[in-house]
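# Structure assessment
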Amino acid sequence: MNKTDPPGLHAAVFEVIGQEHPRAVPSLRALGEGVRKFWTTYSVGLTMADDETVAAMGGTPEEAIQLRIAYVQASLARRLADLLVSLIDHINRSRLLDAALSTRACLELSGAIVYYESRITSLFSAAISKQEQMNRVNEILKKATRGGRFDWVRWLLGGADMQALVAEYADENARPTSPVQVKNVLDFVNALDDAVAAEEPPPGAIRTVYALLCEICHPAVGGYMLYVAVPQPTGQLKFDAHPNTRIASWFVGSIIGPIANRLMKHAALSLNRLTHVAKTVKAVPR
């Protein structure tokens, strides 16, 4: 695949899963088409003015807010698009651990999109009329675009700044972090779970799959289960060198495909709502 080709699932994937797990084929076809559309829309290069340039050119407060919303969309959606492309590649290669890692990261990014969109949308739907409300908007946008858990400034400065950062990580009592702290990733996952459950109850499905994927990605029993031989020989515990077709078909067809389709759908909805919000921003009267 080159940089201009849309990603796609190989015919062999549909052949194998069609034999082992035929009911999963429609979900996988939807996954392939969904990733292609998402990648086409969001896997693009962008150049936008920073806050200082907007101010220097006489930009309005509305334009400053719109710029920050656009950055939220571009930053989170671009990374999600790249991870979804990686997911397709991992499925094609039957690399189930990599697929689990990519899907877990996709859940986190999709959750972040849904989390920030819901809070930005709710603030603007309340008809912002006070400076305190606009400050709250700016605070959320700042966390969405600049928040983290690692102090990149000190790391990139190098020298004494980087040495001080390393020393903090060596201190068991220190808690080094970013000057602008991002929300806990579980808050993002919970936001996505709430959004999905509103359309497809009961709640908890996203949380459950996220916990399952964490178990597979972490040094825990779940990850090794992907290599269990099927069927198992009597009186023995056998693991294959590579995931067999039954395990791969179950994992991709029952876990990866359905959850990836859901997260893509709700991420796209939230990204579209952010676009609408950006178009309707009104500044606080002076």
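First things first, this report covers the structure right here in the doc. (Residues numbered from 1 in each chain as written. Predicted model: local features only at pLDDT ≥ 70, side-chain atom pairs only at ≥ 80, totals over all residues. Heavy atoms only, no water.)

### Some words on the overall build of the protein
What counts here: Only DSSP runs of H or I reaching four residues or more are called helices, and only runs of E reaching two or more are called strands; each is numbered from the N terminus. Any residue under 20% of the maximum accessible area for its type is buried, any over 50% is exposed, and the rest in between are partly exposed; the area is computed with a 1.4 Å probe on protein chains only. Residue contacts are defined here by distance: any two heavy atoms, one from each residue, within 4.5 Å place the two residues in contact.
Secondary structure assignment for the protein yields 12 helices and 0 strands. From first element to last, N terminus to C terminus, the protein shows the α and β order α-α-α-α-α-α-α-α-α-α-α-α. Its C-alpha atoms put the protein at 75 × 45 × 40 Å along the principal axes. Every one of the 286 residues in the protein was classed for burial, and the buried ones make up 41%. Nonlocal contacts in the protein, meaning residues at least 24 apart in sequence, comprise 71% of its contacts between residues at least 6 apart.

### Some details on unusual backbone geometry
Following Pro-201, the chain continues into Pro-202 via a peptide bond in cis, with omega recorded as 10 degrees. By the element assignment, Pro-202 lies in the loop between α9 (185-199) and α10 (205-217). A cis geometry characterises the amide bond from Val-230 onward to Pro-231, with omega recorded as 0 degrees. As for its placement among the helices and strands, Pro-231 is situated in the loop between α11 (221-224) and α12 (245-279). In this structure, Ser-94 takes a positive phi of about 55 degrees despite not being glycine. Relative to the helices and strands, Ser-94 is located in the loop between α4 (61-92) and α5 (96-125). For Ser-94, a relative accessible area of 30% gives the class partly exposed.

### What to know about the side chain of Asn-244
The cut-off we apply is this: Polar contact criterion, stated in full: a pair of N or O atoms within 3.5 Å, where within protein one must be able to donate a hydrogen and the other to accept it, and residues adjacent in sequence count only if both atoms are side-chain atoms.
Along the chain, Asn-244 falls in the loop between α11 and α12. Within the structure, the side chain of Asn-244 is placed 3.3 Å from the side chain of Asp-240, a separation counted as a polar contact. Of note is the side chain of Asn-244, whose polar atom sits 3.0 Å from the backbone nitrogen of Arg-246. Among all residues touching Asn-244, those that are not within four sequence positions of it are Val-228, Ala-229 and Val-230.

### Here we look at the packing of α5 against helix α6 (residues 131-146)
What describes two packed helices is the angle between their axes and the distance between those same axes. Counted only if it meets this: Axis lines are fitted through C-alpha atoms, for helices just across the contact stretch, and the angle between N-to-C directions can take any value from 0 to 180 degrees. In these notes the angle categories are as follows: under 35 degrees is roughly parallel, over 145 is roughly antiparallel, 65 to 115 is roughly perpendicular, and the rest is oblique. Handedness of a helix crossing follows the sense of rotation of the near helix relative to the far helix, less than a right angle counterclockwise being left-handed and clockwise being right-handed.
With their axes 10 Å apart at the nearest point, α5 and α6 run at an angle of 165 degrees to one another. By the criterion of interaxial angle, the relationship of α5 to α6 is roughly antiparallel. The handedness of the crossing between α5 and α6 is left-handed. Residues Tyr-116, Arg-119, Ile-120, Leu-123 and Phe-124 of α5 form the contact with α6, whose own contacting residues are Arg-136, Val-137, Ile-140, Leu-141, Lys-143 and Ala-144.

### Some thoughts on helix α2 (residues 25-42)
Threshold: Under the convention used throughout, the expected extent of a helix is 1.5 Å for every residue step, that is, one less than its residue count.
Taking 1.5 Å as the rise per residue, α2 with 18 residues should run 26 Å; its terminal C-alpha atoms sit 26 Å apart, in good agreement. All buried positions along α2 are accounted for by Val-25, Ser-27, Leu-28, Leu-31, Gly-32, Gly-34, Val-35, Phe-38, Trp-39 and Tyr-42. In this structure, the buried side of α2 is in contact with α1 (11-20), α4 and α12.

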